Structure formats: structure tokens, C-alpha cells
Amino acid sequence: MSGSIATTDVHVLGAGIAGLTAAVALRRAGREVTVLERAPALAEVGAGIQIAPNGARILDALDITVDHVVSEAIHLIDGPTGRSLIRMRPPGDFRMCHRADLIAALRDAAIGAGADLRLDATVERITPDSIVLGSERVPRERLIGSDGARGAARAFVAPKYEGRFTGQVAWRAMVPAPPDWPREAQIHVGPGRHLVVYPLRGGTVLNLVGVEERTEWAAEDWSQEDDPANLRTAFAGYSDGIRSLLAAVDSVHLWGLMDHGVTEAWTRDGVTLIGDAAHPTLPFLAQGANLALEDAFLIARHLDDPAAYEALRRPRVTRALAAAADNARNYHLRGARARAAHVALRMAARVAPDAMAARYRWLYEYDATAG
Ligand SMILES: Cc1cc2nc3c(=O)[nH]c(=O)nc-3n(C[C@H](O)[C@H](O)[C@H](O)COP(=O)(O)OP(=O)(O)OC[C@H]3O[C@@H](n4cnc5c(N)ncnc54)[C@H](O)[C@@H]3O)c2cc1C
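In this report, we go over the structure that sits alongside the text. (Residues numbered from 1 in each chain as written. Predicted model: local features only at pLDDT ≥ 70, side-chain atom pairs only at ≥ 80, totals over all residues. Heavy atoms only, no water.)

1. Some points on the sheet that holds strand E4 (residues 69-70)
So, step 1. The three strands lie next to each other as E3-E7-E4, forming an open sheet whose pairing is antiparallel. Two strands lie at the open edges of the sheet, namely strand E3 (48-51) and E4, each paired on one side alone.
So, step 2. As judged from the four bridges shared by E3 and strand E7 (residues 95-98), these two strands associate in the antiparallel manner. Among the inter-strand pairings, isoleucine 51 is bridged to a residue of E7, identified as arginine 95. (Pairing = 2+ DSSP bridges. Helix = DSSP H or I, 4+ residues; strand = E, 2+ residues; numbered from the N terminus.)

Now the structure itself:
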């Protein structure tokens with residue numbers, strides 16, 4: 001990293017989805033912004049992201065376009081038999097995109113708006129009036145902490161937090177899409193595990209997220225490469241269609257899913273947390289990135305009143321995190337409870353297929369850009 005980073009209104013720590021979006025929104029609000037990111041390049045990270053209507057509204061308000069596939073349905077399928085349980089129209093505009101495409105669009109928008117993006121800038125520590133990067137100590141005033149669940153900002157604002165292993169791991173992989181694969185998000189549910197499958201990039205690739213219950217998570221790393229054979233073994237009891245998709249996986253990452261809860265404090269001495277730093281979100285409702293987009297937009301509006309920002313955001317993200325945790329339980333039912341739930345879903349599919357999706361109206365219809 002080179003050049004002075006002292007003369008700026010706002011430092012943004014971390015160039016993920018939250019940080020880059022905040023940089024765009026802050027620049028549009030007339031602030032001088034410097035973004036500090038430890039990675040030497042914003043590299044291609046192979047994973048899909050579903051942008052729900054509440055997140056799409058933020059991208060639209062900031063004029064950011066990202067290559068995506070429009071989702072035509074959310075489709076629950078019984079994993080072991082491959083039998084359809086319920087296929088619901090998505091409640092609004094769902095966009096299935098590659099995280100790297102989203103990050104590239106946000107980076108271009110942030111730089112285009114005049115943000116100063118510093119790569120290879122690892123923040124070791126934040127103090128009440130400075131940012132410590134190696135031997136350099138940079139004076140600071142306002143700082144947006146968007147450096148994720150284990151970042152320096154959270155360590156400064158909420159030093160006491162500890163994550164808890166949820167008893168679940170998630171694999172992420174991509175495979176070429178078979179011809180005519182439906183443009184829908186499929187959730188293949190089963191005892192103790194589920195698999196999410198959806199197309200990206202013009203429908204040419206499928207994003208796979210497989211979740212399995214485990215008693216232990218021994219790895220030091222938050223995320224690591226894994227042998228695709230482990231993913232195949234976890235879903236060996238699933239339908240032929242799924243097993244043939246998994247046969248094509250040649251590289252996979254494994255995450256231990258940690259529950260951190262919503263951070264108890266979000267602001268200290270001019271540092272305000274947003275995105276995963278404030279509320280690391282389990283992936284069972286596909287909302288982590290969407291909540292990060294909302295946070296980023298709103299912190300730019302409430303930069304000078306972080307208490308108002310927190311009062312606005314805390315109830316909503318707490319509710320979203322609870323809804324995600326409920327989904328994990330519902331997807332992994334076993335035995336008689338699973339059979340009863342599947343009968344209910346198939347009946348609902350006949351009489352009111354969209355009623356289930358309507359349960360999340362409060363989540364998807366929310367417009368952070370209004371007002
Ligand atoms: C398996 C899985 C599937 C998911 N699927 C979805 C989905 O479909 N839809 C959805 O909305 N969400 C999804 N999520 C959640 C989503 O990925 C996160 O909630 C979202 O990326 C959070 O963004 P962020 O910008 O807050 O944090 P991050 O993406 O973690 O970004 C933090 C940035 O800060 C940088 N950084 C960290 N420490 C430092 C430091 N000390 N100095 C400088 N820079 C630093 C990092 O390098 C990184 O660039 C999923 C998550 C998982 C695990």
C-alpha cells in the first residue's frame with residue numbers, strides 16, 4: 001500500500017459487499033471515502049449469491065447492474081426421492097448472480113464515484129483515534145467497520161464476542177449446468193442435510209451449497225478446500241439427478257457455520273459496524289449479502305447519527321437472523337415429522353402455492369431506499 005490515507009472524511013474497512021456499497025453511497029452523499037482492504041486483489045471467489053428484492057432495490061437505487069439470472073421459482077424438493085414438494089413463485093425480483101460479478105460491479109461503481117480503494121492494506125488494530133496498519137498509524141475520525149465477522153472493527157467495538165459452532169458445515173461448489181436446467185432456486189431437503197442448487201451466468205453454471213449437520217468442527221480455518229468425495233458421500237442417499245450433478249464437482253470449499261448472534265454494540269468512538277461485522281448471518285435464508293446492502297445504503301444516510309442507524313436496523317436484522325435459524329431446522333426434519341411436513345407442503349402446493357412465500361413479505365417488501 002502506498003500514499004497517505006490521512007485526509008479523508010470516512011474510512012471504510014473491508015471491500016466486501018457491505019464496504020464497497022457503503023463507499024458508493026457515501027461518495028454519492030458527498031463524503032471523502034477511503035476503503036482499506038487486506039486482499040492484494042479483489043479476486044474471483046467462486047460462489048453464488050441470491051439478490052432478493054430487498055437487496056435489488058439498493059443496487060437499483062445506486063444504478064449498479066450485475067449479470068444475473070432471474071429466478072422463476074423457489075422449489076422445495078425431497079432430496080432422497082427427488083419428488084417435488086412445493087414450487088412457489090418468488091415474491092418479487094430475485095436475481096441469482098456470481099459473487100465475483102457483484103464485487104466487480106460494486107468496485108467499479110465505488111471507484112467511478114471517486115472512492116479511494118487501497119488494496120493490500122491489512123488493518124491490524126483500531127484505536128479510539130487511529131488505524132494501525134503494520135508500522136503505520138493513521139489518524140481517523142469516522143470509520144465504517146465492514147470487515148466481516150472476525151475483523152478488526154468488531155474486535156474494537158465488541159471485543160467480548162465469541163462465535164459458537166452451529167453443528168452445521170456448508171460446502172460450496174460450481175458445476176456446468178446441464179442443458180435446459182430450470183431457472184429456479186432449488187432446495188433439496190432431507191434428514192440432517194440439504195442442498196441448494198441454482199443457475200448463474202446466463203444459466204451456464206450451477207451454484208451448489210450443501211449443508212450437513214455435524215457434531216464437531218475441528219478446522220482452524222473458517223473456510224477450507226475439501227475433497228469433493230466428502231460432499232458426494234454426504235449426499236449419497238439423494239436422488240440420481242443430484243448424485244450425477246455432484247459427480248461433476250472437481251473443487252469444493254467447506255465452511256464451518258458459526259452462530260455469532262447480532263453483535264451487542266454496533267458503535268464505539270466513531271466506529272460503526274455494518275454487514276457481517278454487525279450480524280454474521282447463517283445462509284439458510286440467503287440474506288447475509290442483502291442485509292449488508294441495506295446496511296450500507298442506510299449508514300450513508302445516517303452517518304452522523306449512528307444511534308438512529310442502529311435503532312432502525314437492529315430489530316430487522318434480529319428478525320431475519322431468527323428466520324434463517326428456523327429454516328435450518330425445517331429443512332433437516334427426519335422420520336415422521338418430515339413425512340407430516342411433506343404432506344402439508346404438497347397440500348399447500350395444490351391449494352395456495354404462494355402462501356408460504358408470503359410469510360416473508362416483511363423481509364422482501366422492505367424498501368430501505370424509501371423515505
Ligand atoms: C455458504 C454460504 C452461502 C451464502 N449465500 C448467500 C446468498 O445466497 N445470499 C446472501 O445474501 N448471502 C449469502 N451468504 C452470506 C454473505 O456471503 C455474507 O453475509 C456477505 O458476504 C457479508 O458481506 P460483508 O461485506 O459484510 O463481509 P465480507 O464479505 O466478509 O467482507 C469483508 C471484507 O473485509 C476484508 N477484511 C477483513 N479483515 C480485514 C482487515 N483486518 N483489514 C482489511 N480488510 C479486511 C476481507 O478481506 C473482505 O474483503 C452466504 C454465506 C455462506 C457462508
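There's more to say after this.
2. Things to note about the nonpolar core
So, step 1. Counting residues in each nonpolar core, the largest one holds 73 residues, and the members touching the most others are Ile17, Leu26, Ile64, Leu102 and Ile126.
So, step 2. Here the element with the most residues in this core is helix H7 (residues 288-301); it accounts for nine residues.
So, step 3. Residues contacting isoleucine 17, with those up to four places away along its chain left out, are Ile49, Arg99, Leu102, Ile103, Leu106, Ala289, Ala292 and Leu293. (Core = buried A, V, L, I, M, F, W, Y, C linked by side-chain atoms within 4.5 Å. Buried < 20%, exposed > 50% of the residue type's maximum accessible area, 1.4 Å probe, protein only. Contact = heavy atoms within 4.5 Å.)

3. A word on the side chain of glutamine 287
So, step 1. Topologically, glutamine 287 is positioned in the loop between strand E20 (271-273) and H7.
So, step 2. Residue contacts for glutamine 287: discarding those within four places in its chain leaves Ala52, Asn54, Thr281, Leu363 and Tyr364.

4. Looking at the site of the ligand
So, step 1. Of all residues adjacent to the ligand, which total 30 residues, the nearest are Ala18, Glu37, Arg172, Asp276 and Ala289.
So, step 2. Between glutamine 50 and the ligand, the recorded distance is 3.1 Å, taken from a backbone N or O atom to an oxygen atom.
So, step 3. Between arginine 172 and the ligand, the recorded distance is 3.1 Å, taken from a side-chain N or O atom to a nitrogen atom.
So, step 4. Surface burial for the ligand is 88%, taken as the share of its 1000 Å² of free accessible area covered by protein chains.
So, step 5. Only helix H1 (17-28), E3, strand E13 (164-176) and H7 provide two or more residues apiece to the shell around the ligand.
So, step 6. Of all the elements, H7 adds the most residues to the shell around the ligand, at three residues.
So, step 7. Per-class residue counts for the shell around the ligand are 14 nonpolar, 10 polar and six charged. (Near = heavy atom within 4 Å. Polar contact = N/O pair within 3.5 Å; in protein donor to acceptor, adjacent residues only side chain to side chain. Areas by Shrake-Rupley, 256 points an atom, 1.4 Å probe, with all protein chains shown as cover. Nonpolar A, V, L, I, M, F, W, Y, C, P; charged D, E, K, R; others polar.)

5. Side note on empty space enclosed by the protein
So, step 1. Throughout the structure, instances matching the rule amount to one cavity of 30 Å³ or more.
So, step 2. Approximately 40 Å³ is the volume attributed to the largest cavity.
So, step 3. Around the largest cavity, the lining residues are Ile51, Leu59, Ile64, Val66, His68, Arg95 and Cys97.
So, step 4. For the lining of the largest cavity, the class distribution of residues is five nonpolar, one polar and one charged. (1 Å grid on protein atoms, 1.4 Å probe; cavity = no way out; pocket = protein on both sides within 12 Å on 5 of 7 lines; lining within 4 Å. Points joined across faces, edges and corners; volume = space filled by probe spheres on them.)

6. Structural notes on unusual backbone geometry
So, step 1. Look at arginine 201: it is not a glycine, yet its phi comes out positive at around 45 degrees.
So, step 2. In this structure, arginine 201 sits in the loop between strand E15 (193-200) and strand E16 (205-213).
So, step 3. Backbone geometry places aspartate 269, a non-glycine residue, at a positive phi of 45 degrees.
So, step 4. Structurally, aspartate 269 can be placed in the loop between strand E19 (267-268) and E20.

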